Amino acid sequence: MTRLSVNINKIATIRNARGGNNPDLVKVALDCERFGAQGITVHPRPDERHIRYQDVLDLHEVVTTEFNIEGNPDERFIELVKRVKPAQVTLVPDAVDAITSNAGWDTIRHADHLRKLVDTFKADGIRVSIFVDADERMVEGAKAVGTDRIELYTEPYAAHYAENREAAVAPFVRAAQRANQLGLGLNAGHDLSLENLRFFDEQVPGLEEVSIGHALVCDALYFGLENTIQMYLRCLDRTGGPAGF
Ligand SMILES: CC(=O)[C@@H](O)[C@H](O)COP(=O)(O)O
Ligand SMILES: NCC(=O)COP(=O)(O)O
C-alpha cells in the first residue's frame, strides 16, 4: 500500500497568523501519526512563511514515522538536514519567492550540483528524493546523479484531472514505468486530493509514497483531521475497502 506522508506546512501557516503556538505543530504532527499518517513532511522555506527551522528541530525529537524534509538545498537547508538526519530529504528547485512549488529539477542541466548534494546526504545515511516533472528524460537524469528516489510533481495531473483523467495521468504512468525500469524509488506529491488520489494510485506503477498537505488540511476544516487522514488512507487501500469518501 502506498504510504501517506502528511505535509503540515499549512498548520504552521495558521499558527504563524496569530504569533502564538496555536495550533501546536508538534501536537498536530503526533496526532497525525496517531490518526494513521505513515510520515510527516515539512518544507522549511527561506522566508519561514510557515515551517520554521526551529520547527524542524522540534519535530525531529518526536516524530516516530518517516520524517521527510523538503526544500531548495541552499546552505542553511543543507546544514539543517545534516543536523537532523531525517529518514528522507526531498530536493525541490523552488525560487525563494515562489508562492509554492511549481516545477521539478532539470536533472540534466543541474547534474553536477545534484550529484554533490546526493553524495552529501547519502554519506549521512539519509534517503534522497529528487522532485521532477513527469518527463522520462528527467527521471533518467535523476538516476544518473545517484538519487534513491524521485518525487513526481503532480500539479499538472491535478489541474487536468477533471477534464480528462486518463490523459492527465498518462505522462505520470510513463515516467513511473521508466523509474521502475531504472530501479528508482517512486514518490509523488503536490495538489493531490480526495478527488484525484485514488485514480492516480491505481494507475501509477510502483508508487511508494504520496506527500499531501494543502488539500488535506483544507478537507480537515470540514471533516476533522482524524477523519480526513482516514479518508485519504482509504483512497490508498487496494484491498477493496470503501472509497475514500
Ligand atoms: C514540494 C511540493 O510540491 C510541496 O510539498 C510544497 O512543499 C508545498 O509548499 P507550500 O506548502 O509552501 O505550498
Ligand atoms: N511534496 C508534496 C507535498 O508535500 C504536499 O504538497 P501539497 O499537497 O501541499 O500540494
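Per-chain numbering applies: the sequence of each chain, read as written, is numbered from 1 onward. Lettering for chains starts from A, numbering for ligands starts from 1, and both go in the order in which the items are written. Only residues with pLDDT of at least 70 get local features here, since the model is predicted, and only at 80 or more are side-chain atom pairs given and counted; chain-wide, interface and lining totals rely on the full set of residues. Hydrogens and water molecules were not included; the side-chain quantities draw on all heavy atoms of the structure.

## Remarks on helix α10 (residues 214-223)
Per-residue accessibility, obtained with a 1.4 Å probe over protein chains only, is compared with the maximum for each type, and a residue is labelled buried under 20%, exposed over 50%, and partly exposed between these values. Strands are runs of DSSP state E lasting at least two residues, helices are runs of H or I lasting at least four, and both sets are numbered from the N terminus onward. Burial in α10 covers these residues: A215, L216, V217, D219 and A220. The positive-phi residue at the C-terminal boundary of α10 is G224, with phi of around 85°.

## Considering the site of ligand 1
The nearness test applies per residue and asks whether one of its heavy atoms lies within 4 Å of the molecule or strand. As a matter of local geometry, ligand 1 sits amid N7, N9, K10, H43, R45, H50, E70, V92, T100, S101, F131 and H190. Counted as a polar contact is a pair of N or O atoms within 3.5 Å, where, for protein atoms, one must be capable of donating a hydrogen and the other of accepting one, and residues adjacent in sequence contribute only when both atoms are in side chains. Contacts to ligand 1 include H43, whose side-chain N or O atom sits 2.5 Å from an oxygen atom. H190 places a polar side-chain atom, nitrogen or oxygen, 2.6 Å from an oxygen atom of ligand 1. Using a 1.4 Å probe, accessible areas were evaluated by the Shrake-Rupley method; residue-level cover was limited to the displayed protein chains. Protein chains bury 92% of the 360 Å² of accessible surface belonging to ligand 1 in isolation.

## Structural notes on the UniProt feature "active site" (unreviewed entry) in the protein chain
Mapped onto the present numbering, the UniProt feature "active site" (unreviewed entry) falls on H43, E70 and H190. For the residues just named, distributed over 148 residues, the greatest C-alpha separation is only 12.2 Å, placing them together at one site. The class of H43 is buried, set by a relative accessible area of 3%. Contacts are residue-level and defined by heavy atoms, with any inter-residue pair within 4.5 Å sufficient. Residues in contact with H43, not counting those within four places in the same chain, are N9, H50, I51, E70, G71, N72, V92, D94 and S101. Secondary-structure assignment places E70 in strand β3 (residues 66-71). Aside from chain neighbours lying at most four places away, what touches E70 is N7, T41, V42, H43, P44, F77, T90, V92, E151 and S211. UniProt positions are given in the numbering used here, feature names are shortened, and annotations may be inferred rather than shown by experiment.

## Regarding the site of ligand 2
Residues in contact with ligand 2, as listed here, are N7, T41, E70, E151, G189, H190, D191, S211, I212, G213 and H214. Contacts to ligand 2 include D191, whose backbone N or O atom sits 2.8 Å from an oxygen atom. In this structure, an oxygen atom belonging to ligand 2 sits 2.8 Å away from a main-chain N or O atom of H214. If ligand 2 stood free it would expose 310 Å²; the protein chains cover 93% of that surface. For this classification, Asp, Glu, Lys and Arg are treated as charged, while Ala, Val, Leu, Ile, Met, Phe, Trp, Tyr, Cys and Pro are nonpolar and the rest, including Gly, are polar. Split into classes, the residues belonging to the shell around ligand 2 amount to one nonpolar, seven polar and three charged.

## Some thoughts on the nonpolar core
Considering soluble globular proteins, one finds that nonpolar side chains tend to be buried as a cluster. One finds I8 and L91 to be the most contacted residues of the largest nonpolar core, which totals 79 residues. If one sorts the elements of this core by residue count, helix α8 (residues 165-182) sits on top with eight residues. Sequence-distant contacts of L91, that is, excluding residues within four places in its chain, are made with G71, P73, F77, W105, L114, L117, F121, V128, S129, I130 and F131. Only buried residues count toward a nonpolar core, which is a set of Ala, Val, Leu, Ile, Met, Phe, Trp, Tyr and Cys residues joined through side-chain atoms within 4.5 Å.

## A look at the packing of aromatic side chains
Stacked, tilted and edge-to-face are the three classes applied to pairs of Phe, Tyr and Trp rings, where Trp contributes its six-membered ring and a pair requires centres within 6.5 Å; stacked means planes under 30 degrees apart, edge-to-face means over 60, and tilted covers the rest. Tallied over the full model, the rule gives six aromatic pairs. Between F131 and Y153, the ring centres sit 5.3 Å apart and the planes meet at 55°, which makes this aromatic pair tilted. Taken together, the residues F131 in strand β5 (residues 127-132) and Y153 in strand β6 (residues 149-153) connect sequence positions 22 residues apart. Both residues of the pair, F131 and Y153, count as buried.

## Let's talk about unusual backbone geometry
Residues apart from glycine generally show negative phi values, whereas peptide bonds are mostly found in trans. For the peptide bond that leads from N22 to P23, omega is 0°, which places it in the cis range. Among the secondary structure elements, P23 is positioned in the loop between α1 (9-18) and α2 (25-34). Phi at E48 is positive, roughly 50°, even though this residue is not glycine. Residue E48 is classed as partly exposed on the basis of its relative accessible area, which comes to 26%. At K85, a position not held by glycine, the phi torsion is positive, near 50°. Residue placement: K85 occurs in the loop between α4 (75-84) and β4 (88-91). Look at K85 and you get partly exposed, because its relative accessible area is 44%.

## Overview of the UniProt feature "binding site: 3-amino-2-oxopropyl phosphate" (unreviewed entry) in the protein chain
UniProt's entry tags N7, R18, D191, G213 and H214 with the feature "binding site: 3-amino-2-oxopropyl phosphate" (unreviewed entry), counted in the numbering of this structure. Of the residues just listed, which span 208 residues, the most distant C-alpha pair is 25.9 Å apart, and they do not cluster in one region. Relative accessible area serves as the criterion here: at 10%, N7 is assigned to the buried category. Every residue in contact with N7, bar those within four places of it in the chain, is listed here: T41, E70, I212, G213 and V217.

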